[in-house]
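This is what each chain is made of:
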Amino acid sequence: QVQLVESGGGLVQAGGSLRLSCATSGRTFSRYTMGWFRQAPGKEREIVAAITWSGGDTYYADSVKGRFTISRDNAKNTVNLQMNSLKPEDTAVYYCAADSTIHLVPGEIPSNSYEYDFWGQGTQVTVSS
């Protein structure tokens with residue numbers, strides 16, 4: 001079983017920055033593709049960014065490219081999301097997720113929430129205008 005715990009959310013003004021962290025338990029963290037998703041009120045959960053087990057490949061939603069950076073530290077079992085130039089439309093609950101599937105295609109990164117097996121409780125990010 002894998003447990004994920006997010007931290008780092010909060011209230012920030014537009015143009016500001018936040019850094020989200022996801023601490024994980026489980027010996028096989030280093031094998032998992034990790035993702036950050038978000039869900040705003042009344043909207044579906046959407047992927048924000050994801051990173052392969054090695055950290056060699058990443059995926060970003062178009063809406064956050066150039067502003068957000070995902071990274072991971074397999075020695076510390078953590079994955080982070082650095083969010084810069086935040087906008088009011090980034091306001092949402094942010095979730096950390098783990099995909100335990102062994103992907104045979106190098107660099108393959110799932111982008112749908114149903115492809116991720118384990119989820120954190122979420123952390124609120126609010127960006128004021």
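Our subject is the structure listed above.
Fair warning: this is a prediction, and the values are worked out from it, not measured in the lab. (Residues numbered from 1 in each chain as written. Predicted model: local features only at pLDDT ≥ 70, side-chain atom pairs only at ≥ 80, totals over all residues. Heavy atoms only, no water.)

1. Comments concerning the overall build of the chain
If you tally the helices and strands in the chain, you get zero helices and eleven strands. Along the chain, from the amino end to the carboxyl end, the secondary structure elements read β-β-β-β-β-β-β-β-β-β-β. Taking 2.2 N^0.38 as the reference for a compact globule, 129 residues should give roughly 14 Å; the C-alpha atoms of the chain span a radius of gyration of 14 Å, in line with that estimate. A principal-axis box enclosing the C-alpha atoms of the chain has dimensions of 45 × 25 × 25 Å. Put simply, of all contacts in the chain between residues at least 6 apart along the chain, 60% involve residues at least 24 apart. Here the chain has roughly 6,800 Å² of accessible surface; of this, 46% comes from carbon and sulfur atoms. (Helix = DSSP H or I, 4+ residues; strand = E, 2+ residues; numbered from the N terminus. Rg over C-alpha atoms; globule rule 2.2 N^0.38 Å. Contact = heavy atoms within 4.5 Å. Areas by Shrake-Rupley, 256 points an atom, 1.4 Å probe, with all protein chains shown as cover.)

2. Some thoughts on the side chain of Thr33
For Thr33, the position within the fold is in strand 4 (residues 33-39). Discounting chain neighbours no more than four positions away, the residues touching Thr33 are Ile51, Thr52, Trp53, Arg72, Ala97, Ala98, Asp99, His103, Ile109, Pro110 and Tyr116.

3. Regarding the pattern of salt bridges
Considering all chains together, one arrives at four salt bridges under this definition. When the shortest N-O distance is used, the salt bridge between Glu46 and Arg38 registers 2.8 Å. Arg38 sits in the buried class, given a relative accessible area of 6%. With a closest N to O distance of 2.9 Å, Asp90 and Arg38 form a salt bridge. (Salt bridge = Lys/Arg side-chain N within 4 Å of Asp/Glu carboxyl O. Buried < 20%, exposed > 50% of the residue type's maximum accessible area, 1.4 Å probe, protein only.)

4. Quick word on the environment of Cys96
Structurally, Cys96 can be placed in strand 9 (residues 92-99). Residue classification places Cys96 among the buried positions, given a relative accessible area of 0%. Cys96 sits 31 residues away from Val127 along the chain, and the two C-alpha atoms are 19 Å apart. Aside from chain neighbours lying at most four places away, what touches Cys96 is Leu4, Glu6, Cys22, Met34, Gly35, Trp36, Val79, Phe118, Trp119 and Gly120.

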